[in-house]
Amino acid sequence: MEIYENEHDQVDAVKRFFANNGKALAVGVVIGIGALIGWRFWSSHQTESAMGASQAYERAISGAQAGKPDSLEAAGKFVTDNKNAYGALAALNLAQKYAQDNDLPKAAAQLQQGLSATKDSNLQALINLRLARVQIQQKQADAALKSLDTIKGEGWSAIVADLRGDALLSKGDKQGAREAWSKGVSSQASPALRETMQMKINNLSS
């Protein structure tokens, strides 16, 4: 550590420091400022992109709910173009519209699109539940059981058990359906769902 005899030595030391390190300091300052500006730009861009996606989603869903062919086509394009949660949610809404119109193949196709649009496990679980329900209506019990097998988590177990029972019964497997519904009744199902599954079990005996 240098010991400075007077103020003049200190000034000379400062000059030498900047002479030796000035370029590095300047570059560091530029990089720091650039990083800060870049971060603010990126954050602003992300916010604007999210707002734009949200607004586009609202337009797509509003159009789809109107039921006009061109609006349904636009909503389908939104699903195809947006591989994110907005695209998955739009697929769910569009599939519901098709299911209400009894166009089950298009409903299933939209749900498959939704699955490929998101990595969120809860959203995927919800889509797979809807897909299994559509597949049961299409008399595709094995496909429905495969969709249900992908759903993990205790929070989904009751409704999965209910749909699994429906799928098995549609295959003529009354014992499998009984076991699925019995498991659902003993789970943390809502009172209404538990009562529904118990009624299905009772109907098997009648």
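Residues numbered from 1 in each chain as written. Predicted model: local features only at pLDDT ≥ 70, side-chain atom pairs only at ≥ 80, totals over all residues. Heavy atoms only, no water.

Q: Hey, could you run me through the overall build of the chain in this one?
A: Check the secondary structure of the chain and you find nine helices and zero strands. Counting from the amino terminus, the chain carries its helices and strands in the arrangement α-α-α-α-α-α-α-α-α. In the chain, buried positions account for 34% of the 206 residues. Restricting to contacts in the chain with at least 6 residues of sequence separation, those with at least 24 account for 45%. If you sum the accessible surface of the chain, you get close to 13100 Å²; carbon and sulfur atoms cover 56% of it. (Helix = DSSP H or I, 4+ residues; strand = E, 2+ residues; numbered from the N terminus. Buried < 20%, exposed > 50% of the residue type's maximum accessible area, 1.4 Å probe, protein only. Contact = heavy atoms within 4.5 Å. Areas by Shrake-Rupley, 256 points an atom, 1.4 Å probe, with all protein chains shown as cover.)

Q: Explain the packing of helix 8 (residues 174–185) against helix 9 (residues 191–205) to me, please; I cannot follow it from the model alone.
A: For any two helices packed against each other, the geometry comes down to the angle between their axes and how far apart the axes lie. Between helix 8 and helix 9, the shortest axis-to-axis distance is 9 Å and the interhelical angle comes to 150 degrees. In terms of orientation, helix 8 and helix 9 fall into the roughly antiparallel class. Between helix 8 and helix 9 the crossing geometry is left-handed. Here Lys174, Arg178, Trp181, Ser182, Gly184 and Val185 of helix 8 come into contact with helix 9, specifically with Arg194, Met197, Gln198, Lys200, Ile201, Leu204 and Ser205. In terms of residue class, the contact of helix 8 with helix 9 is built from five nonpolar, four polar and four charged. (Axes fitted to C-alpha atoms, helices over the stretch in contact; angles between N-to-C directions. Parallel < 35°, antiparallel > 145°, perpendicular 65-115°, else oblique. Left-handed = near helix turned anticlockwise from the far one by under 90°. Nonpolar A, V, L, I, M, F, W, Y, C, P; charged D, E, K, R; others polar.)

Q: Teacher, can you tell me more about the pattern of salt bridges here?
A: Side chains bearing opposite charge may pair, as long as their charged atoms lie close to each other. Taken as a whole and assessed by the stated rule, the structure comprises six salt bridges. Between Lys77 and Asp81 there is a salt bridge whose closest N-O contact spans 2.6 Å. Residue Lys77 and its partner Asp81 are located together in helix 2 (residues 69–81), separated by four residues, close to a single helical turn. A salt bridge links Arg164 to Asp149; the nearest nitrogen and oxygen atoms lie 3.2 Å apart. (Salt bridge = Lys/Arg side-chain N within 4 Å of Asp/Glu carboxyl O.)

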